[in-house]
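# Close look at the chain arrangement
If you want the building blocks of each chain, they are given just below.
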Amino acid sequence: MNFNFRKRQIPLIILILFGVLLLFMGIMNHYFFRTVTYDYGNYNFAFWDYSHFRISSIPTYPGTFFQDHLSFTLFFFIPVFWVLNWLTGTYTLIVIQYVLILIAAWYSYKIIRLKTNNTWLLSGVLLYYFLLLGRYTTFSCDVNLAVISACFIPVFLYYFEIKKYAVAAILLILSLLSRENIPIWFIFIFAFLIIQNRKNRKAVLFSLTGILVSVLYFILLFKVLIPAVESDEKQFTLFNYAALGANPGEALVFVLHHPIETIKMFFVNHLSDPGVDGVKAEFYWVYMISGGLVLFIRPQYFIWFIPIVAQKMLNDSYIRWGISTYYSIEVVTLLPLSVFLTLSSLRSVRFQKILTVLTCVATLSVTIYKLDRTNVEIPWTLNPSKEKFYYHGFYETDYQLAATHKLLKQIPKDAIISASDHVLPHLAQRQFIYLFPEVNDAEYIIFSVFDNYFMQSHMQNEKVRNLYMSDPEWEIMKDVFPVFLLKKKASISAMNHHLDHLTNHTDTMFCNYERVDSLETLALFGNGLPADDFFKIDTTTVRSGSRSLKLAPGQEYSRSLVLNDLDCLEYITVSVWFYGEGINLVASCGSSFYRLSNEVAETDTEGWSQVELSFWIPQKRRNKDLVIYAWNTNQEPVYLDDLRIVKRYKKAASKVSNF
């Protein structure tokens, strides 16, 4: 009796353990300043805005959140805002999303329990639900409507299954209102349910009505509602299926007239970039090994995957085809039900157990394997520091966490703010906020010096930051490196103590490749320290003196300069003149810090151009050296001359000029 009781508790234990894990990961990502303005800053702003009965333009682009996604989901949770937000603040949506994920998991378990009492299957469906790769890649996007809306589906299916059609109808309406793709998805869900329940007249009638409602709402959505909320400055941009047509109507005509071509696009790259040929295949084999192969026992379960796979594979963006971010969340939501309903239909209990173990082990193996960037078709789409709780980088940050969060609380709640990408989500619950470098009428600016606006280069970001830090109309109230808080002055004659940040002691190292060591193996800086290898020296193309540095294919990198006085430094500016097609200046420190600049800052009359790279020194370098080097990515030689490194020291730091 006691043993049977314990077996019945295993699913609950699995739910609690993974619930704690997922909530922990979501909260940690936000606390560690890894959430971003796209999406979480916009979501937090919109949620606060809706809860105060406003629909305002969001911080990142013209137009409202409602115009970007015609979704009513955030409206559903306004009561939760007023009950919980006083305690959870900008973490509220994270809590809501992961509670919904747990609810969807529990209802998936309840559906399987309707079919079997096999403890292996009941525990297995929950374990499998939480082991799928898509559960963890979604952490890269923080909170998303796709994740939230998918959670309604298992709950709807449960109440449909137990014939509580009134509750199912309410859940259907909530689901349809949650996201633009849901009506199409439900058409195929109901088609599957008709096949499964063809002998149940009420179920068939409900499903047929559901199809009609879904079709009508889809037409209403794209013919009436979306055009009604569009404006000149903000159009609906989420229908990205150029291979099918300009709108859903054209897409439907294409599919009907070209079914073979449409099916082909499910599996082959339909873009002109051969570099993404393997992205679609990667998705299929990942989820086939992770349990999908079981569905060939009951192929009817493939029906309700058709629209959600189509929205992935026929899209214009190859990123959506693959396994990254939230682009597999609908598949991950339905796969546990599909796989374990199939297993529950098998007659052999022994075979059920074997397939349950094999499915969970295979899924865990694939998830661990694919969370390693080296094993992914598009490595840069994975973010290990957000998605892998067992990765040391998940627990590391460049921020002084306690002091930075305390700094944020010093900003008045009704102040108009301009904040950088990773800071804005923490401050978005207010009426007016801008994404730095947009400032407008902001009263405060707060940014991390490592937090670049992605639509501008590092040097463009750096110049804007330095511009405001040296602007006499702005005062640096406080800095908790790497975060600086600036306040608009009441008058230009106010205190200028913030200029101290820009006038600390500096040291300049210069190399024009004229000075070499006695053995002629190294070119030297003016202070005698090594700058580069002598065999790269050229005398045919020079800017000053008689020598320059030549970087050509096969020798495309300059010598890596390793600075040994980093603990004394806070800021470095590297500049070099080049002759040729272009050059990259790079600074890197392990895998967590990488800065590159190839923008021309100045040109002379002889055809030489100067490129510059400025950056703040990362204070938490994790025992990694910071190296600076030049990199020629062209097929022709590039000549370098007049290399200059300006090092700015911290206050009270000793001058130590060495590598």
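Residues numbered from 1 in each chain as written. Predicted model: local features only at pLDDT ≥ 70, side-chain atom pairs only at ≥ 80, totals over all residues. Heavy atoms only, no water.

### Description of a nonpolar patch on the surface
Applicable threshold: Only residues whose relative accessible area exceeds 30% and that form no salt bridge enter a patch; like-charged residues are grouped when within 9 Å of one another, and nonpolar side chains (Val, Leu, Ile, Met, Phe, Trp, Tyr) when within 5 Å. Calculation of accessible area relied on Shrake-Rupley with a 1.4 Å probe; when residues are assessed, cover is drawn exclusively from the protein chains displayed. Any carboxyl oxygen of Asp or Glu that lies within 4 Å of a side-chain nitrogen of Lys or Arg is treated as forming a salt bridge with it. Think of it this way: any DSSP run of H or I at least four residues long counts as a helix, any run of E at least two long counts as a strand, and we number them from the N terminus. For every residue, the accessible area obtained with a 1.4 Å probe (protein chains only) is divided by the maximum for its type, and the residue is called buried under 20%, exposed over 50%, and partly exposed between those limits.
Taken together, Leu212, Val215, Leu216 and Ile219 make up a surface patch of nonpolar side chains, about 340 Å² in accessible area. Tracing the backbone shows valine 215 in helix α13 (residues 201–229). Given the relative accessible area of 33%, valine 215 is considered partly exposed.

### Looking at the packing of helix α16 (residues 279–289) against helix α20 (residues 349–370)
For clarity, the threshold we go by: Fitted lines through C-alpha atoms serve as axes, helices being fitted only where they are in contact, and the angles separating the N-to-C directions of these axes extend from 0 to 180 degrees. Residue contacts follow a heavy-atom distance rule, with two residues in contact if any of their heavy atoms lie within 4.5 Å.
Relative orientation of the contacting elements α16 and α20 amounts to 145°, with a least axis distance of 8 Å. For the pair α16 and α20, contact is made by Glu282, Trp285, Val286 and Ile289 and by Ala362, Val366, Tyr369 and Lys370, respectively.

### Side note on the environment of asparagine 118
Heads up, the condition is: Distance and chemistry together define a polar contact, namely a pair of N or O atoms within 3.5 Å, with one atom able to donate a hydrogen and the other to accept it when in protein, and with adjacent residues in sequence counting only for side-chain atoms on both sides.
Position of asparagine 118 among the secondary structure elements: in the loop between α6 (92–115) and α7 (119–131). Once the C-alpha coordinates of asparagine 118 and tyrosine 98 are considered, the two residues, 20 residues apart in sequence, prove to be 27 Å apart. Among all residues touching asparagine 118, those that are not within four sequence positions of it are Val349, Gln352 and Lys353. A distance of 2.8 Å separates a polar atom in the side chain of asparagine 118 from the backbone nitrogen of tryptophan 120.

### Digging into the pattern of salt bridges
Following the criterion strictly, the structure yields 12 salt bridges and no others. Its salt-bridge partner being lysine 386, residue aspartate 142 comes within 2.6 Å of it at the nearest N-O pair. In this pair, aspartate 142 is assigned in the loop between α8 (134–137) and α9 (145–150) and lysine 386 in helix α21 (residues 384–387), connecting sequence segments 244 residues apart. Here the two residues aspartate 142 and lysine 386 agree in accessibility, since each one is buried. Each of Asp532, Asp533, Lys536 and Arg559 takes part in one network of salt bridges that share partners.

### Observations regarding the pairing of strand β12 (residues 569–579)
Spelled out, the test is: At least two DSSP bridges between two strands are needed for those strands to be called paired.
With respect to burial, β12 is a largely interior element, 10 of its 11 residues being buried. Note: β12 against strand β18 (residues 638–649), nine bridges, orientation antiparallel. Across the sheet, threonine 573 pairs through a bridge with valine 646, a residue of β18. Direction of pairing for β12 relative to strand β16 (residues 609–616): antiparallel, over a ladder of eight bridges. Bridge pairing in β16 links serine 575 to glutamate 612.

### So, the sheet that holds strand β1 (residues 417–419)
The strand order β2-β1-β3-β5-β4 describes an open sheet built from five strands, whose pairing is mixed. Edge positions in the open sheet fall to β2 (433–435) and β4 (474–480), since each of these has one partner strand only. On average, each strand axis in the sheet is inclined to that of its neighbour by 20°, with strand direction left out of account. Here β4 pairs with strand β5 (residues 483–488) via six bridges, running antiparallel. Note on β5: the bridge partner recorded for aspartate 479 is phenylalanine 484. The strands touched by helix α22 (residues 401–409) are β3 (444–448), β4 and β5; relative to β4, the strand with the most contacts, the crossing angle is about 145°. Helix α24 (residues 458–469) rests against β3, β4 and β5 of the sheet, and its axis sits at about 140° to β3.

### Details of the side chain of serine 149
Examined against the element boundaries, serine 149 turns out to sit in helix α9. Here the side chain of serine 149 touches alanine 146 through a polar contact of 3.3 Å, landing on its backbone oxygen. Serine 149 has contacts with Ser178, Arg179 and Ile182, leaving out every residue within four places of it along the chain.

### A look at the side chain of glutamate 180
Heads up, the condition is: Here Asp and Glu are counted as negative and Lys and Arg as positive; His is not counted, and neither are the chain ends.
Note on placement: glutamate 180 falls in the loop between α11 (165–176) and α12 (182–196). Buried charge glutamate 180 goes without a salt bridge, the closest partner of opposite sign being arginine 179 at 4.9 Å. Of the polar contacts made by the side chain of glutamate 180, one reaches the backbone nitrogen of leucine 70; its length is 2.8 Å.

### A word on the pairing of β3
Within β3, five of the five residues are buried, which leaves the element mostly enclosed by the surrounding structure. Burial of β3 is two-sided: the residues Tyr444, Ile446 and Ser448 facing one way and the residues Ile445 and Phe447 facing the other way are all buried. Note that β1 and β3 share three bridges and pair parallel. Bridging across to β3, isoleucine 417 finds its partner in tyrosine 444. Where β3 and β5 come together, five bridges link them in antiparallel fashion. Bridging across to β5, phenylalanine 447 finds its partner in phenylalanine 484.

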